[in-house]
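# Commentary on secondary and tertiary structure
Read off the chains here:
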Amino acid sequence: MNDFAHLLDRLGYEPRRNAKLRLLQDYFARTPDPERGYALGAMTGSLSFREAKPALIRGLVEARIDPVLFRLSHNYVGDLAETTALIWPAPAEANEAGIGHNNPPPPSLAEVVETLATTAKKDLPGHLATWLDALDETGRWALLKLVTGNLRVGVSARLAKTAVGALGGHEADAVEEVWHGLEPPFASLFAWIEGRAERPETLNPAPFRPPMLSHPIEDRDDLDKLEPEAFSAEWKWDGIRVQLVGGRDREGVQVGRVYSRTGEDITHAFPDLAEAITFEGALDGELLILRDGRVQSFNVLQQRLNRKSVTGKLLEEFPAHVRAYDLLASEGEDLRPEPFSARRERLEAVIRRLDHARIDISPLVPFADWDALAAARADPASVGAGEDADAIEGVMLKRRNSAYLPGRPKGPWWKWKREPHIVDAVMMYAQRGHGKRSSFYSDYTFGVWREAPEGGDELVPVGKAYHGFTDAELAKLDRYVRNHTTKRFGPVREVAYGREAGLVLEIAFEGVQRSTRHKSGVAMRFPRVSRIRWDKPAAEADRIDVLERILARGEKEIAPGASLQEDA
Amino acid sequence: MSTRASDLLTLTREGLYCPLGSFHVDPTWPVARALITHGHADHARAGHAHVMATPETLRIMAVRYGEDFCGSSQEAKLGETLRVGDVSVRFVPAGHVLGSAQIVIEHEGVRVVVSGDYKRAPDPTCLPFEVVPCDVFITEATFGLPVFTHPDTRGEVRKLIASQRLFPERAHIVGAYALGKAQRVMALLREEGWDGPIHLHGAMEKLTDLYKREGIPLGETRKVVAAERKDLAGAIVICPPSSIQDVWSRKFPDPVTCFASGWMRVRARARQKGVELPLVISDHADWPDLCRTIRETGAGEVWVTHGQEDALVHWCGSVGIRAKPLHLLGYGDDGEAEPVAAGTEEAA
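Residues numbered from 1 in each chain as written. Chains lettered and ligands numbered in written order. Predicted model: local features only at pLDDT ≥ 70, side-chain atom pairs only at ≥ 80, totals over all residues.

For chain B, the count of helices and strands is nine helices and 19 strands. Taken over 348 residues, chain B has a buried fraction of 55%. When contacts within chain B are restricted to residue pairs at least 6 apart in sequence, those whose partners lie at least 24 apart make up 60%. (Helix = DSSP H or I, 4+ residues; strand = E, 2+ residues; numbered from the N terminus. Buried ≥ 20, exposed ≤ 12 C-beta atoms within 10 Å, placed from the backbone. Contact = placed C-beta atoms within 7 Å.)

Okay, unusual backbone geometry next. All names here are of chain A. The step from Asp33 to Pro34 runs through a cis peptide bond, and the omega angle for that step is -5 degrees. Relative to the helices and strands, Pro34 is located in the loop between helix H2 (17–30) and helix H3 (35–43). Note that the residue after Pro184, namely Pro185, is joined by a cis bond; omega there is 5 degrees. Although it is not a glycine, Phe186 sits at a positive phi angle of roughly 55 degrees.

So, on to the interface of chain A and chain B. In this complex, chain A contributes 26 residues to the contact, which on the side of chain B involves 22 residues. Here the side of chain A that touches chain B is built from residues that sort into twelve nonpolar, seven polar and seven charged. (Nonpolar A, V, L, I, M, F, W, Y, C, P; charged D, E, K, R; others polar.)

Residue and element names in this part refer to chain B. Taken in spatial order, the seven strands of this open sheet run E7-E8-E9-E10-E11-E18-E19, and their pairing is mixed. Strands with a single pairing partner mark the edges of an open sheet, and in this sheet they are strand E7 (81–84) and strand E19 (322–325). The mean inter-strand angle of the sheet, taken between neighbouring strand axes irrespective of direction, is 25 degrees. Across three bridges, the pairing between strand E10 (residues 110–114) and strand E11 (residues 136–141) is parallel. Among the inter-strand pairings, Val114 is bridged to a residue of E11, identified as Ile138. Sheet strands touched by helix H9 (residues 309–318): E11, strand E18 (301–307) and E19. Its angle to E19, the strand with the most contacts, is close to 165 degrees. (Pairing = 2+ DSSP bridges. Axes fitted to C-alpha atoms, helices over the stretch in contact; angles between N-to-C directions.)

Below, the discussion takes up the packing of helix H5 (residues 67–77) of chain A against helix H6 (residues 80–87) of chain A. All names here are of chain A. Where H5 contacts H6, the two axes come as close as 9 Å, and the packing angle between them is 125 degrees. Taken together, H5 and H6 sit at an angle that is classed as oblique. The two elements H5 and H6 cross, and the hand of that crossing is right-handed. Between H5, through Phe70, Ser73, His74 and Val77, and H6, the contact on the second element is made entirely by Leu80, Glu82, Thr83 and Ile87. Class assignment for the residues of the contact of H5 with H6 results in four nonpolar, three polar and one charged. (Parallel < 35°, antiparallel > 145°, perpendicular 65-115°, else oblique. Left-handed = near helix turned anticlockwise from the far one by under 90°.)

Attention now goes to the nonpolar core. Membership of the largest hydrophobic core comes to 161 residues, with the highest contact counts inside it found for A:Leu143, B:Val112, B:Val174, B:Val185, B:Val237 and B:Ile238. Looking at which domains feed residues into this core, each of domain 1 (5–147 + 283–344) and domain 2 (153–279) of chain B gives three or more. With sequence-adjacent residues up to four places away left out, B:Ile238 is seen in contact with B:Val174, B:Ala176, B:Ala182, B:Val185, B:Met186, B:Ile198, B:Leu200, B:His201 and B:Met204. Among the nonpolar cores identified, the runner-up in size contains 54 residues, and A:Leu273, A:Val300, A:Leu301 and A:Met396 belong to it. (Core = buried A, V, L, I, M, F, W, Y, C linked by C-beta atoms within 7 Å. Domains from an automatic or database assignment.)

So, on to the environment of A:Ser214. Residues and elements named next belong to chain A. Within the secondary structure, Ser214 sits in the loop between helix H13 (187–193) and strand E1 (215–216). Note on Ser214: 17 C-beta atoms within 10 Å, which makes it partly exposed. Note: C-alpha distance between Ser214 and Lys398 (184 residues apart in sequence) is 8.8 Å. Setting aside its immediate chain neighbours within four residues, Ser214 contacts Met396, Trp413, Trp414 and Lys415.

In structure tokens form, the structure reads like this:
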């Protein structure tokens, strides 16, 4: 475990991808099975065991350290695992002679994972405490990251698979192909990679295929570098990306699976979609909620996603739908090497044959040149999007002759999102961030003006933003917060705000929804700081009416049948 | 007893003030009479009418601000008792940087110690901290959280030397504050047997020369010439923290970014600065030493000037010592007090 921990530690400090890859390859080459297989499992998020809740960790520490001091430390460090690793007192024997002969040796990763998989809930704290005593500081940190299910250390699953593949001269995609169907500690995978055994059989009749992702178009200059005639355009739907895969198992029984874009099997949450998978093949598309044939806003979709149990009522109120835009495989044939135009033709045929109300095709958006596309993006209703226009968040551009490549290749696919909403708000509170931002005041609660119940105007908080600025701007914002603090509440500071004082932040956001959590009654979607208005007096910030108007526009989707309101 | 600690020391806009002696300690604004604990820019500012400090601190201020950094000055020799107004004053080593001192203020049997910034760990470039029993101890709390226990500096410097041996084709760029930390790192490198030249960013030069003139052996140092950076494979280079991510450091052969600071104990801090080799070397007391020092002074009351005051005040309460935070603004610009400050220190 200490060895694995030191690998993670070094990876965390190493910014260069190739150097990370070398470290990983070196680790996989010199570490025996099953230790390295569990390490691969940990880095790809494929271990499953009873995770320790943060409260359990806190309980262990607070039995050893003053809870107030621990809480202050945690606020400061911004990471429970690291705080605990740093603050954990050395066991008594180890202090005496330097080496605690009574202490057990540090556990291996395999021991930790295998114990966690079988351990009863009541025995978990005891195991953890014993391990924490035996491990060094870095080992404690890695153990806690692992058991809380939080092991993100600057290595993507993709990079780990790339390193494993490279051991035997294979590409990462070759590893991805056999991946679903394998389990930690991946002995058969390593045996194949090292040339000691045959390629593992894929047992999954409906496997996930890594999706192809796009790059953003930031402005017209990006666009003008591309030739319009080489691309097809589609609407970019405001839903979640899914893959529908159908196949037959060895008994010939039809199997249907719904995968998220990260390859998580979410079939259980969408029985209504799973029963629609009567085909053999893999569809790439957007999960949406449709009511009376109309796409609902993301707010509505979220209400279904947030539900834990899938009831009949939920299925009826929030009917799931997939709008397909690509076909990756069909009838046992891998279509990914085919050009987009050919895949699109096959997709149209498959959807026609399927003829299912829950699955349709995302239409192509016709355009002659970029100006025409810009006009379509600005007003989707004008080019056939009809009443679904509000659920469109931009356009996608796909190069017609491009193959379907997993990952985010530069060039073939582009997303051109619609312009965000903008509001000028005043910073009211600031909180220390986490991770890379820990100890910087990087999370800002901001407010807009409204009429106060007792007359006059007051600022009311409407949201919180924690990105959109550069590191240099963050340093300035942090300094501003420290120099304008009026009150402190633990990790939160209140800054000076009012008609005469305050910093205006230009906030970009994607939408507004009703909220019972905010005093203002509204909450924004994806708010981020788009500009810092050092120049603008707080008195000139926007009023809540701006948000109310956007909300009024969106609510006609939530309440189907309500009369359409005029855009303000 | 007629005198109380609050008669000896109060808080004004400029910082701590002694009404009976008519002087400020480490004021953050120009004042008539200032007593200065040490030469870091946040404690020692230019423009006071009269300054009293140790001879080393006065010379450091003259190097940083020019000979006319104040109207007039008076040397306070370590251990010597001086009379200022109605109080007696004594400067005692604080172990923070060269010339750093605690200031002991006494009147009618009541004794207050303003410790300034201090540490208890050994430092080859300055005199060790001396415990002075007192009624009120005024402490810093830069590392006032129990997650901060500084490791032995020798191990940290050995990490640097080992990394240099592992990557002889790369240059090791070590960010360190220009006053104190930089020279301590040099002296520690010498103690661990590094006998090659140590390369310095221009901003390090004047203060390093001053340390050498004060008789502290630092071995051969060389100022980095811009045009020769590409030839410095295998070199150890010391520069201000703000330069480690600068284009300045990118011109060295495949630089390894190192940073010598107590903050390096927290991973997120190291990552924020893009540090690849963190070196946990601090000129401030860590949590165990803050607590130990408070106990050893026997003080019945503790005032906390700056840093993580909440935790230290809480701890004092838990062991029956009265304590209060002073929330002094303006301190903590020595590159260690807050991580953001590191990018803003002046080129000394």
